[in-house]
Amino acid sequence: MPKPHIVFVASEAAPLAKTGGLADVTGSLPAALRRLDHDVTVIIPLYRRHIDPAVLKPGKAKWTIRLWIGGALRQVPLHEAHVQGQRFILVEQDDMFARDGLYGPAGGAYEDNLLRYTLFVRAALEAAALLKEPVDLFHCHDWQAALLPMLLKTQYQHHPTIARAGTVFTIHNLAYQGIFPASQIPHVGLPPELFHPGCYEFYGQINCMKAGIMMADRITTVSPSYAEEILTPEYGCHLEGFLAQHRHKLSGIVNGLDTVAWDPATDAALPARFGAGRAAGKGRCKLALQQQLGLAPEAGTPLLAMISRLAEQKGVDLLLPCVPDWVRRGYQMAFLGTGEAHYEAGLKKLADNHPQQVHFFRGFNETLARRIYAGSDLFLMPSRFEPCGLSQLMAMRYGTVPVVRATGGLIDTVTDYDAGKGKSTGFAFTAANAASLAGAVDRAVEVYHRPAAWNPLRNRAMRRDSSWEASARSYAELYRQLP
Ligand code: ADP
């Protein structure tokens, strides 16, 4: 029997383009599926300004297709590339994708995002139809790829090699739905007959995510807890009722991590290597990080870290009021992130006021991220909601014990210290306020100062199996259920 051919369609994938956890997933789940004897093709836009030339130098296009969209006939070159054993198709359209941001300027969105990603999805369908191997299933990720099942089942039924493909739509973050004015329907060529409340209409506007929920054969979220949460008004982002109508096809599969790319025993970005039960290297990483960030080189001082998009979701407003007290207690802090200007300004002010104890690096920097994961003691994730979260998985693997709000995937991946000392991998708190975060950090620091308790906790976090193996099997099982 031929291998199942799965086509991933996503707006970002590591190592070619990444703004967050979506890219980690679309960059590493395919390899795990390949190990389960699946053939996987990943289609993303060609973001020329973001691709590291050391990873890929886009050459000549393999095909060029023509698309009528936005009132113009466009030539769309399609590139084929193999990166780390994975086949990618890159959709070129330089006026749309060769920009400084993936989705917009820092903290914002490009005005033509609907046009950009409708073009992308249509090009992805055309590209898939050109492949030698017929497509068994399209796995679409987040709102940018959410229109694919609808377009496949309406406008793309004339391509025999894709027409019968199944569709899975994964919601990595329900808060970003792709909402646009209805006036754009003819401009981008969406099927007007499906603009109604049962499909992609949402309070008079276009809602791409609704189209995905309605038209995909299966819907998944990136953790089981989040799959339940999004059916409630608190987490449903006004789609809880619509999702409830489709819950028979909704399930949650927890994200895994690329445990080869994220391994403190081999990570070339680190000044020293380490692993569970071999903590000496971690101590050297901490010292090097303190020196790099201008913090006092003190082995026994708790070093708290956060690496995050600076958005309301991530609970930055819970953290900011805690920092002065942590400074008074003598803790050190390393913050890395970029996003909403007021959070950036708040963190910068704290770092300016306490340069010996608080460091804030504004920006996206993977090498620094790896050094912070390796060199810190506690990793803070006070998220208001968290579909899965990958940062806590990276932190645990690098021996930095997570302090998380008990929500979504953080519930499914971090076991609180008080839940049972033989199982715990971190600290969790429930209420979304600064006092609860501070209380959890107090508990964590108390344990930090007791090596007999801390070392086993840290080793358990490092030994947690965050690999894709089990979750990739769950996806393979889901794919198998589709015709
Ligand atoms: P989300 O996808 O909601 O942003 P996740 O925890 O799922 O959050 O994934 C975040 C990913 O992005 C992790 O790989 C994290 O290390 C990375 N990341 C976030 N901010 C930065 C940054 N400023 N620099 C480097 N990596 C970052």
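**Let's talk about the overall build of the chain**
Here is step 1 of the chain: Summing up its helical and strand segments, the chain has 19 helices and 18 strands in all.
Here is step 2 of the chain: Taking 23 Å as the expected radius of gyration for a compact globule of 483 residues, we find that the chain reaches 23 Å, a close match to that expectation.
Here is step 3 of the chain: Taken over the C-alpha atoms alone, the chain extends approximately 65 × 45 × 40 Å along its principal axes.
Here is step 4 of the chain: Evaluated residue by residue, the chain yields a buried proportion of 59% over its 483 residues.
Here is step 5 of the chain: Of the contacts formed within the chain by residues at least 6 apart in sequence, a portion of 71% connects residues at least 24 apart.
Here is step 6 of the chain: Accessible surface, the chain: about 18700 Å² in total, of which carbon and sulfur atoms supply 53%.
Here is step 7 of the chain: Positive and negative side-chain charges in the chain, numbering 49 and 44 respectively, have mean positions lying 4 Å apart.

**Notes on the pairing of strand β13 (residues 303-310)**
Here is step 1 of the chain: Counting buried positions along β13 gives 7 out of 8 residues, so the element sits mostly inside the fold.
Here is step 2 of the chain: In the sheet, β13 pairs with strand β14 (residues 332-339) via 8 bridges, with the strands oriented parallel. Across the sheet, Ser308 pairs through a bridge with Gly337, a residue of β14.
Here is step 3 of the chain: Note: β13 against strand β16 (residues 378-381), 2 bridges, orientation parallel. Considered in β16, the bridge of Ala305 is made with Phe379.

**Brief notes about the sheet that holds strand β4 (residues 72-83)**
Across a sheet, strands are paired by hydrogen bonds formed along the backbone, either parallel or antiparallel in direction.
Here is step 1 of the chain: A sheet is described by the order of its strands in space; here 9 strands give the open sequence β3-β4-β5-β2-β1-β6-β7-β11-β12, paired in mixed fashion. Two strands lie at the open edges of the sheet, namely β3 (63-69) and β12 (250-252), each paired on one side alone. Averaged over all pairs of adjacent strands, the angle between their axes in this sheet comes to 25°, without regard to strand direction.
Here is step 2 of the chain: Contacting β1 (5-9), β2 (39-45), β3, β4, β5 (86-91) and β6 (137-141), helix α3 (residues 113-130) runs over the sheet at an angle of about 135° to β3.
Here is step 3 of the chain: Against the sheet, helix α7 (residues 208-215) makes contact with β7 (166-171) and β11 (218-221), and its axis sits at roughly 135° relative to β7, the strand it touches most.

**Some remarks on the site of the ligand**
Here is step 1 of the chain: Taken together, 20 residues lie around the ligand, and Gly21, Asp24, Arg309, Gly363 and Tyr373 are the ones closest in.
Here is step 2 of the chain: Between the ligand and the protein, one listed contact pairs a nitrogen atom with a backbone N or O atom of Gly363 at 2.8 Å.
Here is step 3 of the chain: Here a nitrogen atom of the ligand sits 3.0 Å away from a polar atom, N or O, in the main chain of Asn365.
Here is step 4 of the chain: Coverage of the ligand by the protein amounts to 93% of the 560 Å² it exposes when considered alone.
Here is step 5 of the chain: Looking at the shell around the ligand, the elements with two or more residues in it are α1 (21-35), β13, β14, α14 (366-375) and α15 (391-397).
Here is step 6 of the chain: The dominant element in the shell around the ligand, judged by the number of residues it contributes, is β13, at 3 residues.
Here is step 7 of the chain: Looking at the shell around the ligand residue by residue, the class counts come to 8 nonpolar, 8 polar and 4 charged.

**Points about the packing of helix α17 (residues 434-448) against helix α18 (residues 451-463)**
Here is step 1 of the chain: Between α17 and α18, whose axes approach to 7 Å, the crossing angle comes to 110°. Our classification of the angle between α17 and α18 gives roughly perpendicular. Contacts between α17 and α18 involve Ala444, Val447 and Tyr448 from the first element and Pro451, Ala453, Trp454 and Leu457 from the second.
Here is step 2 of the chain: In the contact of α17 with α18, the residues fall into 7 nonpolar, no polar and no charged.

**Regarding unusual backbone geometry**
Here is step 1 of the chain: With omega at 5°, the peptide bond leading from Ala14 into Pro15 counts as cis.
Here is step 2 of the chain: Looking at the element boundaries, Pro15 is found in the loop between β1 and α1.
Here is step 3 of the chain: With a phi close to 60°, Asp142 is a non-glycine residue in the positive phi region.
Here is step 4 of the chain: The residue Asp142 is located in helix α4 (residues 142-145) in this model.
Here is step 5 of the chain: Relative accessible area serves as the criterion here: at 8%, Asp142 is assigned to the buried category.
Here is step 6 of the chain: You will see that Tyr203, though not glycine, has its phi angle at about 50°, which is positive.
Here is step 7 of the chain: Tracing the sequence through the fold places Tyr203 in the loop between β9 (201-202) and β10 (205-207).

**Re the sheet that holds β13**
Here is step 1 of the chain: The strand order across the open sheet formed by 6 strands is β15-β14-β13-β16-β17-β18, and the pairing between neighbours is parallel. Of all the strands in the sheet, the pair left with one neighbour each is β15 (358-362) and β18 (427-429). Looking at each pair of strands side by side, their axes are set apart by 15° on average, direction ignored.
Here is step 2 of the chain: Packing against the sheet, helix α10 (residues 280-293) makes contact with β13, β14 and β15, and its axis sits at approximately 65° to β13.
Here is step 3 of the chain: Running at roughly 160° to β18, α17 makes contact with β13, β16, β17 (401-405) and β18 of the sheet.

**A short note on the side chain of Lys286**
Here is step 1 of the chain: With respect to the helices and strands, the residue Lys286 is situated in helix α10.
Here is step 2 of the chain: Only 2.9 Å separates the side chain of Lys286 from the backbone oxygen of Ala299, close enough to count as a polar contact.
Here is step 3 of the chain: Here the side chain of Lys286 touches Thr301 through a polar contact of 2.7 Å, landing on its backbone oxygen.
Here is step 4 of the chain: Excluding its chain neighbours within four sequence positions, the residues that come into contact with Lys286 are Glu298, Ala299, Thr301, Leu303, Gly375, Asp377 and Tyr448.

Criteria and thresholds
Residues numbered from 1 in each chain as written. Predicted model: local features only at pLDDT ≥ 70, side-chain atom pairs only at ≥ 80, totals over all residues. Heavy atoms only, no water. Helix = DSSP H or I, 4+ residues; strand = E, 2+ residues; numbered from the N terminus. Rg over C-alpha atoms; globule rule 2.2 N^0.38 Å. Buried < 20%, exposed > 50% of the residue type's maximum accessible area, 1.4 Å probe, protein only. Contact = heavy atoms within 4.5 Å. Areas by Shrake-Rupley, 256 points an atom, 1.4 Å probe, with all protein chains shown as cover. Lys, Arg positive; Asp, Glu negative; His and termini not counted. Charge placed at Lys NZ, Arg CZ, Asp CG, Glu CD. Pairing = 2+ DSSP bridges. Axes fitted to C-alpha atoms, helices over the stretch in contact; angles between N-to-C directions. Near = heavy atom within 4 Å. Polar contact = N/O pair within 3.5 Å; in protein donor to acceptor, adjacent residues only side chain to side chain. Nonpolar A, V, L, I, M, F, W, Y, C, P; charged D, E, K, R; others polar. Parallel < 35°, antiparallel > 145°, perpendicular 65-115°, else oblique.

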